[in-house]
Amino acid sequence: MKLDAVSNQVYVVAINEARLQNHEYITPEHFLYAALMFDVGKELIQVSGGDLRGITEALHDFFENKMPRHPGELAGDSPSDSYAFTLMLELALARIHGQKKDFVA
């Protein structure tokens with residue numbers, strides 16, 4: 001699957017954020033969190049009527065209180081893709097094939 005430049009940057013930031021937080025899994029929430037670090041992600045939420053601050057706070061709470069972390073001896077290991085993250089990418093791939101595009105934007 002090919003990602004456009006911004007989507008690829010969001011993907012890399014999401015993985016790095018999960019790794020920095022010592023999370024056991026990378027999830028769609030990591031992707032959303034990373035997207036909100038970019039103007040285009042913030043704009044999508046705002047234009048859709050979303051509460052940017054509320055979403056960011058909810059994500060922080062989720063990561064802090066609900067996200068499994070690597071056990072001490074595995075600290076620093078790369079996070080595994082969660083089922084939901086894999087499904088998110090597969091749905092994006094199916095969508096671009098249906099639209100006859102070459103990359104996910």
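See the structure above.
The structure reproduced in this document is the subject of the present report. Numbers given to residues run from 1 along each chain, matching the order in which its sequence is written. Local features in this predicted model are restricted to residues of pLDDT 70 or higher, and side-chain atom pairs are both shown and tallied only at a pLDDT of 80 or more, whereas totals for entire chains, interfaces and linings draw on every residue. Side-chain metrics rest on all non-hydrogen atoms present in the structure, leaving aside hydrogens and water.

Some thoughts on the environment of Gln21
Inference 1: Turning to its location among the elements, Gln21 is positioned in the loop between helix H1 (5-20) and strand E1 (25-26).
Inference 2: Sequence spacing of Gln21 and Phe63 is 42 residues, and the spatial spacing of their C-alpha atoms is 8.3 Å. Helical segments are the DSSP runs of H or I of at least four residues, strand segments are the runs of E of at least two, and each set is numbered from the N terminus.

Describing the pattern of salt bridges
Inference 1: In what follows, salt bridge is the name for a side-chain nitrogen of Lys or Arg lying within 4 Å of a carboxyl oxygen of Asp or Glu. In this structure the tally under the stated criterion is two salt bridges.
Inference 2: Between Glu64 and Arg69 there is a salt bridge, and its shortest N-O distance comes to 3.7 Å.
Inference 3: Relative accessibility decides the category of a residue: with a 1.4 Å probe and only protein chains considered, values under 20% of the type maximum give buried, values over 50% give exposed, and everything between is partly exposed. The class of Arg69 is partly exposed, set by a relative accessible area of 31%.

Notes on unusual backbone geometry
Inference 1: Even without glycine at this site, Asn22 takes up a positive phi of about 60°.
Inference 2: Relative accessible area serves as the criterion here: at 18%, Asn22 is assigned to the buried category.

Let's talk about the environment of Ile15
Inference 1: Looking at where Ile15 falls in the secondary structure, it is placed in helix H1.
Inference 2: Put simply, Ile15 and Ser80 are 65 residues apart on the chain and 9.4 Å apart in space, counted from C-alpha to C-alpha.
Inference 3: If sequence neighbours within four positions are ignored, Ile15 has contacts with Ile26 and Pro79. Contacts were defined at the residue level, with two residues in contact if any of their heavy atoms lie within 4.5 Å.

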